[in-house]
Amino acid sequence: MHLKWGIALSSGFPRKIRIFDTTLRDGEQTPGASLTTEKKIALAKQLDNLGVDIIEAGFAAASEGELEAIKLIVKEGLKAEICSFARGVKKDIDAVKESGANSVFLVIPSSDIHIQHKLKKTREDMLKLTKDMVRYAKSRGLLVELGLEDATRAERSFLKDMINAGITAGTDRVTPCDTVGVLTPEKTTELYTDLKQTFPETSLGVHCHDDFGMAVANSIAALKAGAEEVHVTINGLGERAGNAALEEVVVSLKLLYNIETGVKTEKLYDTSLLASRLTGISVQPNKAIVGENAFVHEAGIHTHAVLAEPLTYEPIPPEIVGRTRRLGVGKLAGSRGISAVLKEMGLSPTEDQLNEIFKRVKSLGDKGKRVTDADLQAVAESVMGLPSIRAIKLEELTVVTGDRVTPTASVRLNLYGKLLTEAATGIGPVDAAMNAIRKAVSAVEPIRLEEYHVNAITGGTDALVEVIVRLKKGDRTATAMGAHGDIVMASVEAMLGGMNVLLTNHNKTGNNSTTT
């Protein structure tokens, strides 16, 4: 599906754009992120399934673990080209060869700032190093992509000298790197137009950082001015302010410029969730494309319009990126939006009842409370005089954890009157408990945890913990909150609260059948 406002802007792009994903290398440099070998393999397989052309799997020379991870990713036999980062030293290139990667992203500084202050070298040293290292990498049978570090602060004539040295030595691709994100779209267009005119037969890539918030715009400008490859990361992960976000670049190309890449955009959201979970780096709620709020409408004036025609406030159809539209409830919500959410729950209040529900929701919002779907359901049941029958109840929960014990949880649930017992392990007691609940319920009702947030809302060792979750079942989502002195119990309360929203439907016989 293409939107009419983008088609006229598509001229100037290459026929084929390569997507070079560096989540496993540059993305892992995000402060606080660290990927085990198993996590790297899982994310590499998802990236391949997503349809990226090149996966920069890591920095082979960084450690034995990094080298082993790349070897194992190579053994997966993925469709994507597998690349490894290397500096301009032979041992780095040897490590790439040992890893079995198809290509090397050979990065050599090009700005005087880096050459003089970081390396204590001269420009002549860099030209020789470029030729020697490209030739050496080619002699090892590697496809070579020459990355010119800090190219956007390099003197232009010298940058061209370095590119020419790389081409003379046999490099396959050249990527000038905007290492500290100082490009603007105008400067990017001028730079790549110049480089493409000077080196018309050379395949150029673009690698942008987001220090000024222009990485995506600069990446697209480069593609329009002659680049054929774009370096990106899932969720815009990366050091400092991050890199150009894959999902933003690809969807912008698709919908604003009518340019298709090989990326299966409907898999973007699942890939974003996986990257967030594996790296431990949460996605900001208002993040474009994959943020929790990207397709949520709460304000009454918006929900009224969206219910009539989604395009009024949705430039991106949510299904294109694997999302679903959701109406939020809170102090800014309108009665039509609340009515639509209640309808999804199988609740059909009268006009008077809806007005009372509307007033109570507004009152909760005015008190600064986040109104979840579970809260709305409870308010509606109270106003409508309906029994608070829940499809799922906790009968028993046991959690074992310790510094030398694998966190393990066992749970007994009552689901539609049937007892379910399961046990699971996790990276901590909360994860173990959540896994046990999901495992018990998933055989009957496949429900996925999409978001998990925790806050301590009082201080001290006896702090009250507030946990908010968002769950998904089919095309439906539900939010719920749990508050408890024990983070495990707060998490379980939230989890079961959200599940009950998805499983309870008052329009069904017995008030507790599943929705369809």
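Not measured: the values here are computed from a predicted model. Numbering of residues starts from 1 in every chain and runs along the sequence as written. Residues qualify for local features only when their pLDDT is at least 70, as the model is predicted, and side-chain atom pairs are given and counted only at 80 or more; totals for whole chains, interfaces and linings, by contrast, use all residues. Each side-chain value is worked out from all heavy atoms of the structure, with water and hydrogens disregarded.

Undergrad: Can you help me understand the overall build of the protein in this one?
TA: A count of helices and strands for the protein gives 16 helices and 16 strands. Scored against the burial criterion, the 516 residues of the protein give a buried share of 53%. Note on areas: Shrake-Rupley, 1.4 Å probe, and residue coverage restricted to the protein chains presented here. Taken as a whole, the protein presents about 22,100 Å² of accessible surface, with 51% of it coming from carbon and sulfur. Each helix corresponds to a stretch of at least 4 residues labelled H or I by DSSP, and each strand to a stretch of at least 2 residues labelled E; elements are numbered beginning at the N terminus. Burial here depends on accessible area, computed with a 1.4 Å probe over protein chains only, as a share of the maximum for the residue type. Under 20% is buried, over 50% is exposed, and the range in between is partly exposed.

Undergrad: Would you explain the pattern of salt bridges in this entry?
TA: Pairing between side chains of opposite charge can happen when the charged atoms of each approach one another. Note on definitions: salt bridges are taken to be side-chain nitrogens of Lys or Arg within 4 Å of carboxyl oxygens of Asp or Glu. All told, the structure shown has 38 salt bridges when counted by the stated rule. For Arg 123, the salt bridge identified is with Asp 112, shortest N-O distance 2.8 Å. With a gap of 11 residues between them, Arg 123 in helix H5 (residues 123-139) and Asp 112 in helix H4 (residues 112-117) connect regions that are remote in the sequence. Where Lys 196 meets Glu 228, a salt bridge forms, and the shortest distance between an N and an O atom there is 3.2 Å. In this pair, Lys 196 sits in helix H7 (residues 185-198) while Glu 228 sits in the loop between helix H8 (215-225) and strand E8 (229-232), placing the two residues 32 residues apart along the sequence. Since its relative accessible area comes to 18%, Lys 196 is described here as buried. Residue class for Glu 228 comes out partly exposed when judged on its relative accessible area of 23%. One continuous salt-bridge network, built from bridges that share partners, spans Arg 18, Glu 81, Glu 145, Arg 173, Lys 196, Glu 228 and Glu 229.

Undergrad: Sorry, what's going on with the sheet that holds strand E13 (residues 418-425) here?
TA: The strands that make up a sheet are held in pairs by hydrogen bonds between backbone atoms, and each pair lies either parallel or antiparallel. The strand order E11-E12-E13 describes an open sheet built from three strands, whose pairing is antiparallel. Edge positions in the sheet fall to strand E11 (392-402) and E13, since each of these pairs with one other strand and no more. Neighbouring strand axes in the sheet, compared pairwise and without regard to direction, differ in orientation by 10° on average. Should DSSP find at least two bridges between two strands, the strands are regarded as paired. With nine bridges connecting them, E11 and strand E12 (residues 405-415) associate as antiparallel partners. Lines are fitted to the C-alpha atoms to define the axes, a helix being fitted only along its stretch in contact, and any angle between axes, read from their N-to-C directions, falls within 0 to 180 degrees.

Undergrad: Would you explain the nonpolar core in this entry?
TA: Side chains that are nonpolar tend, in soluble globular proteins, to be buried together. In this description, a nonpolar core means a group of buried Ala, Val, Leu, Ile, Met, Phe, Trp, Tyr and Cys residues linked to one another through side-chain atoms lying within 4.5 Å. Grouped together as the largest cluster of nonpolar side chains are 86 residues, with contacts concentrated most on Ile 19 and Leu 246. Contact definition: two residues touch when any of their heavy atoms are within 4.5 Å. Dropping the residues within four chain positions of it, Leu 246 is found in contact with Ile 19, Asp 21, Leu 50, Val 52, Val 232, Thr 233, Ile 234, Val 263 and Leu 268. Of all hydrophobic cores here, the second largest spans 49 residues; its members include Ile 338, Val 379, Ala 480 and Ala 490.

Undergrad: Is there a simple way to think about the sheet that holds strand E7 (residues 203-208) in this case?
TA: Pairing within the closed barrel is parallel, and its eight strands lie in the order E1-E2-E3-E4-E5-E6-E7-E8. The mean angle between the axes of side-by-side strands here comes to 25°, regardless of whether they run parallel or antiparallel. Here strand E4 (residues 103-109) pairs with strand E5 (residues 143-149) via seven bridges, running parallel. The residue of E5 that forms the bridge with Val 104 is Val 144. Contacting strand E1 (18-21) and strand E2 (54-58), helix H1 (residues 37-50) crosses the sheet at an angle of about 175° to E2.

Undergrad: Which parts of the structure should I look at to understand the state of the cysteines?
TA: A disulfide bridge is the covalent bond that connects two cysteines by way of their sulfur atoms. Here, the term disulfide refers to a pair of cysteine sulfur atoms separated by no more than 2.5 Å. With the rule as written, the count across this model stands at zero disulfides. Free cysteine Cys 208: the closest other cysteine sulfur is in Cys 177, separated by 9.0 Å.

Undergrad: Help me understand the packing of H8 against helix H9 (residues 246-256), please; the structure alone is not making it clear to me.
TA: For the pair H8 and H9, the least separation of the axes is 10 Å and the interaxial angle reads 50°. By the angle class used here, H8 and H9 are oblique. As H8 runs across H9, the sense of the crossing is right-handed. Across the interface between the two elements, Val 216, Ser 219, Ile 220 and Leu 223 from H8 touch Glu 248, Val 249, Ser 252 and Leu 253 from H9. Of the residues in the contact of H8 with H9, the class split is five nonpolar, two polar and one charged. Between 65 and 115 degrees an angle is taken as roughly perpendicular, under 35 as roughly parallel, over 145 as roughly antiparallel, and anywhere else as oblique. For any helix crossing, the convention is left-handed if the near helix is rotated counterclockwise from the far helix by under a right angle, and right-handed if that rotation is clockwise. Residues are grouped as follows: Ala, Val, Leu, Ile, Met, Phe, Trp, Tyr, Cys and Pro are nonpolar; Asp, Glu, Lys and Arg are charged; all remaining types, including Gly, are polar.

Undergrad: Explain the confidence of the model for the protein here, please?
TA: Do not read the fine detail of predicted coordinates wherever pLDDT is low. The predicted model of the protein has a mean per-residue pLDDT of 88, with 89% of residues at 70 or higher. Values of pLDDT, ranging from 0 to 100, describe the predictor's confidence in every residue of the model. Scored below 50 in pLDDT, residues 509-516 makes 26 contacts in the model with residues more than four places away or belonging to other chains.

Undergrad: Looking at this model, I keep getting lost on the side chain of Glu 66. Mind explaining?
TA: Tracing the sequence through the fold places Glu 66 in helix H2 (residues 64-75). For Glu 66, the residues in contact, after removing those within four places along its chain, are Leu 24, Glu 28, Lys 40, Ala 57, Gly 58, Phe 59 and Ala 60.

Undergrad: When you look at the pairing of E13 in this model, what are you seeing that I'm missing?
TA: A regular strand places its side chains so that they alternate between the two faces of the sheet. As paired strands, E12 and E13 are joined by eight bridges and run antiparallel to one another. Of the residues in E13, the one forming a bridge with Ala 409 is Ala 424. In this antiparallel pair of consecutive strands, E12 and E13, the connection spans two residues, and Tyr 416 shows a positive phi of 55°.

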